[in-house]
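Spelled out from the first residue to the last, the chains are:
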Amino acid sequence: KAKIAILISGRGSNMAAFVYAAKSPNCPYDIVLVASNDPEAPGLRLAEAESIATFAHPHKGMAREDHDDIMHDAILRSGAEYVVLAGYMRILSDGFVKKWSDRMLNIHPSLLPKYKGLDTYQRAIDARDNVAGCSVHLVTPELDDGPVLAQTEVAILPDDDADSLASRTLIAEHQLYPATVAHYVTRESNPDWILQQIRDRALALEESS
Ligand code: GAR
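All values reported here derive from a predicted model rather than from experimental measurement.

A. Quick look at the side chain of Asp 68. Position of Asp 68 relative to the elements: it lies in helix H3 (residues 64-78). Within the buried set, Asp 68 has no salt-bridge partner at all; the shortest N-O distance to an opposite charge, 5.5 Å, is to Arg 90. Each residue touching Asp 68, except ones within four places of it in the same chain, is listed here: Leu 92, Ser 93 and Phe 96.

Here it is in structure tokens:
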């Protein structure tokens, strides 16, 4: 099985989705580490209760590169082959991103390339979009810019506010992210899958522009 490390900063509901997905006998990955930049992140307590190794190191007062080095060392020690960002609210240094090139994924709560950065739900509502959604992408040095591997669209209801839209999008995230990582870590046995995803996204983008 592939070994994955999950990086969180807070609640960790996506991380929990991975924990439960990994309990299924067919799951192609094991979670070898849950790491955080915040020792108080509630998600760490859940990982501990599930007997998953945890690591935390606060970033406060540290240079970004130094903090990333500490996280990188902890990930290496865990034996992880992949890094899964799940609500890790730190911008990563280029050096860290390059070390995990093609082996680090992120989930972002918008239909990328729309609404990179923060406040994605409110921005979708303000733009009077009919659909919002979430995207899983490979991490590249530019924020929220790597190749999109998979997306789920989520309809925006007339009376949605940012909170209600966020809660519903989260349900979609919990389905999409573990499934996409499962495909990704087994891409050698299904090499067409990843190419197909990238082609599909490119096509959808062309159609929407
Ligand atoms: C999720 O909605 C995720 O998409 C978002 O943070 C939330 C984390 O929730 N990530 C980003 O905004 C990254 N730019 P969780 O801690 O319950 O998984």
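B. Looking closely at the pattern of salt bridges. As enumerated under the stated definition, the model contains six salt bridges in all. With its nearest N and O atoms 3.4 Å apart, the salt bridge here joins Asp 129 to Lys 114. Taken together, the residues span a long stretch of sequence, with Asp 129 in the loop between helix H5 (120-126) and strand S6 (131-138) and Lys 114 in the loop between strand S5 (104-108) and H5 at a distance of 15 residues. On the accessibility criterion, Asp 129 (16% relative accessible area) is buried. The shortest N-O distance in the salt bridge between Arg 168 and Asp 160 comes to 2.7 Å. Residue Arg 168 is classed as partly exposed on the basis of its relative accessible area, which comes to 26%.

C. Representation of the site of the ligand. Neighbouring the ligand are the residues Arg 11, Gly 12, Ser 13, Asn 14, Gly 87, Met 89, Ile 107, His 108, Pro 109, Tyr 121, Leu 170 and Glu 173. The separation between an oxygen atom of the ligand and a polar main-chain atom of Gly 12 is 2.8 Å. Asn 14 places a main-chain nitrogen or oxygen 2.9 Å from an oxygen atom of the ligand. Residues belonging to the shell around the ligand are distributed by class as follows: five nonpolar, five polar and two charged.

D. Molecular detail of the UniProt feature "binding site: N(1)-(5-phospho-beta-D-ribosyl)glycinamide" (unreviewed entry) in the chain. Here the UniProt-annotated "binding site: N(1)-(5-phospho-beta-D-ribosyl)glycinamide" (unreviewed entry) positions come out as Gly 12, Ser 13 and Asn 14. With respect to the secondary-structure elements, Ser 13 resides in helix H1 (residues 13-21). The class for Ser 13 is buried, based on a relative accessible area of 18%. Here Ser 13 is in contact with Leu 170 and His 174, once residues within four sequence places are set aside. Among the secondary structure elements, Asn 14 is positioned in helix H1. Judged by relative accessible area, which is 8%, Asn 14 ranks as buried.

E. Summary view of helix H6 (residues 162-185). In a regular helix each residue adds 1.5 Å, so 24 residues correspond to 34 Å; H6 covers 33 Å between its end C-alpha atoms and thus fits that length. Taking the largest bend as the criterion, H6 deviates by roughly 25 degrees, centred on Glu 173.

F. Representation of unusual backbone geometry. Backbone torsion omega between Leu 112 and Pro 113 reads 10 degrees, so that peptide bond is classified as cis. As for its placement among the helices and strands, Pro 113 is situated in the loop between S5 and H5. The phi dihedral of Tyr 115 is positive, around 55 degrees, even though this residue is not glycine. Within the secondary structure, Tyr 115 sits in the loop between S5 and H5. With phi around 55 degrees, Asp 119 is a residue other than glycine that occupies positive phi space.

G. Quick look at the sheet that holds strand S7 (residues 148-155). Spatially, the seven strands line up as an open sheet ordered S3-S2-S1-S4-S5-S6-S7, and their pairing is mixed. Each edge of the open sheet carries a strand with a single partner, namely strand S3 (54-56) and S7. On average, each strand axis in the sheet is inclined to that of its neighbour by 20 degrees, with strand direction left out of account. Contacting strand S1 (2-8), strand S2 (29-36), strand S4 (82-85) and S5, H1 runs over the sheet at an angle of about 155 degrees to S2. Contacts from H6 reach S1, S2, S4, S5, S6 and S7 within the one sheet, and its direction differs from that of S7 by about 155 degrees.

H. Structural detail: the packing of H1 against helix H2 (residues 42-49). Orientation of H1 relative to H2, taken along the N-to-C sense of each, is 15 degrees, at an axis distance of 10 Å. Here H1 lies roughly parallel to H2, going by the angle between them. The way H1 lies across H2 gives a crossing that is right-handed. Of H2, the residues touching H1 (which contributes Met 15, Ala 16, Val 19 and Tyr 20) are Gly 43, Leu 46 and Ala 47. For the contact of H1 with H2, the residue count by class is six nonpolar, one polar and no charged.

Definitions and cut-offs
- Residues numbered from 1 in each chain as written.
- Predicted model: local features only at pLDDT ≥ 70, side-chain atom pairs only at ≥ 80, totals over all residues.
- Heavy atoms only, no water.
- Helix = DSSP H or I, 4+ residues; strand = E, 2+ residues; numbered from the N terminus.
- Buried < 20%, exposed > 50% of the residue type's maximum accessible area, 1.4 Å probe, protein only.
- Lys, Arg positive; Asp, Glu negative; His and termini not counted.
- Salt bridge = Lys/Arg side-chain N within 4 Å of Asp/Glu carboxyl O.
- Contact = heavy atoms within 4.5 Å.
- Near = heavy atom within 4 Å.
- Polar contact = N/O pair within 3.5 Å; in protein donor to acceptor, adjacent residues only side chain to side chain.
- Nonpolar A, V, L, I, M, F, W, Y, C, P; charged D, E, K, R; others polar.
- UniProt positions renumbered as here; feature names shortened; annotations may be inferred.
- Expected span 1.5 Å × (residues − 1).
- Bend = angle between axes of the 7 residues up to and from the residue.
- Pairing = 2+ DSSP bridges.
- Axes fitted to C-alpha atoms, helices over the stretch in contact; angles between N-to-C directions.
- Parallel < 35°, antiparallel > 145°, perpendicular 65-115°, else oblique.
- Left-handed = near helix turned anticlockwise from the far one by under 90°.

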